[in-house]
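# What the coordinates show
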Amino acid sequence: MAGTVAKKCLSPLAFLTRRLSAPEFITQCCYHKKVVDHYENPRNVGSLDKNSKKVGTGLVGAPACGDVMKLQIEVDDEGKIVDARFKTFGCGSAIASSSLATEWVKGKSVDEALMIKNTDIAKELSLPPVKLHCSMLAEDAIKAALADYRLKQHDDQQEAARASI
């Protein structure tokens, strides 16, 4: 498919019939339409209250490329993720990966969310090999947010046990 897109975008007729600006060329030739959609219309951008016991926050980064991803989840009393937010500083693939991750975790239990793998994200967004680290960041951010949430729950249980003594 990438070859078809590249042939379409790089054919001599394409350059003669229509001139593409640099951003248009990049989005039409280098990124899959799902990446462009999540980049141009990101879902669940923002923050949740990091001090809430029901919110887990994951902050991860990739020093090699400079991408930084913050992903937060809010879990209800039954253990279901009811909300998710993200803020990402990075390329279009990193933003798309974190946007998709927030969509996928909503409605899942904490254990189900742990089953989301970077390969699933990469496949859904048709990420090329050079951008796989973006999907890995999204998986790491999910795991970090879930770990933070579980740590807060563990601390709450210890606090309750001390109070009952």
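Let us look at the structure shown here. (Residues numbered from 1 in each chain as written. Predicted model: local features only at pLDDT ≥ 70, side-chain atom pairs only at ≥ 80, totals over all residues. Heavy atoms only, no water.)

Attention now moves to the pattern of salt bridges. Counted by the stated rule, this structure contains nine salt bridges. For Asp-83, the salt bridge is made with Lys-106, and the minimal N-O distance between the two is 3.7 Å. Placement of the pair is Asp-83 in strand S3 (residues 81-89) and Lys-106 in the loop between helix H5 (92-105) and helix H6 (110-113), with a sequence separation of 23 residues. Residue Asp-83 is classed as buried on the basis of its relative accessible area, which comes to 14%. (Salt bridge = Lys/Arg side-chain N within 4 Å of Asp/Glu carboxyl O. Helix = DSSP H or I, 4+ residues; strand = E, 2+ residues; numbered from the N terminus. Buried < 20%, exposed > 50% of the residue type's maximum accessible area, 1.4 Å probe, protein only.)

Closest axis-to-axis distance for the helix H4 (residues 33-40)/H5 pair is 8 Å, and the angle between their directions is 80°. Here H4 lies roughly perpendicular to H5, going by the angle between them. Across from Val-35, His-38 and Tyr-39 in H4, the residues of H5 making contact are Gly-92, Ser-93, Ile-95, Ala-96, Ser-99, Leu-100 and Glu-103. (Axes fitted to C-alpha atoms, helices over the stretch in contact; angles between N-to-C directions. Parallel < 35°, antiparallel > 145°, perpendicular 65-115°, else oblique. Contact = heavy atoms within 4.5 Å.)

Our focus in this paragraph is the environment of Ala-84. Its place among the elements puts Ala-84 in strand S3. Between the C-alpha atom of Ala-84 and that of Ala-145, which follows or precedes it by 61 residues, the distance is 9.9 Å. Apart from residues lying up to four places away in sequence, Ala-84 is in contact with Asn-44, Gln-72, Ile-73, Thr-102, Val-105 and Lys-106.

Here we have three strands laid out as an open sheet, ordered S1-S2-S3, and antiparallel in their pairing. Every interior strand has two partners, whereas the edge strands, strand S1 (55-62) and S3, have only one. In this sheet, neighbouring strand axes are inclined to one another by 15° on average, regardless of whether the strands run parallel or antiparallel. Where S1 and strand S2 (residues 67-75) come together, eight bridges link them in antiparallel fashion. Note that in S2 the partner of Gly-58 across the bridge is Leu-71. The sheet strands contacting H5 are S2 and S3, and the helix crosses S3 at an angle near 175°. (Pairing = 2+ DSSP bridges.)

To continue, consider the side chain of Ser-97. When you line up the elements, Ser-97 lands in helix H5. With relative accessibility at 0%, the residue Ser-97 sits in the buried group. Excluding its chain neighbours within four sequence positions, the residues that come into contact with Ser-97 are Ile-121, Leu-125, Leu-127, Cys-134, Ser-135 and Ala-138.

Let's shift gears to the environment of Ile-95. As for its placement among the helices and strands, Ile-95 is situated in helix H5. With relative accessibility at 14%, the residue Ile-95 sits in the buried group. When near neighbours in sequence (up to four residues on either side) are disregarded, Ile-95 contacts His-38, Tyr-39, Pro-42, Phe-86, Thr-88 and Gly-90.

Don't take any of this as a statement about function, it's just geometry.
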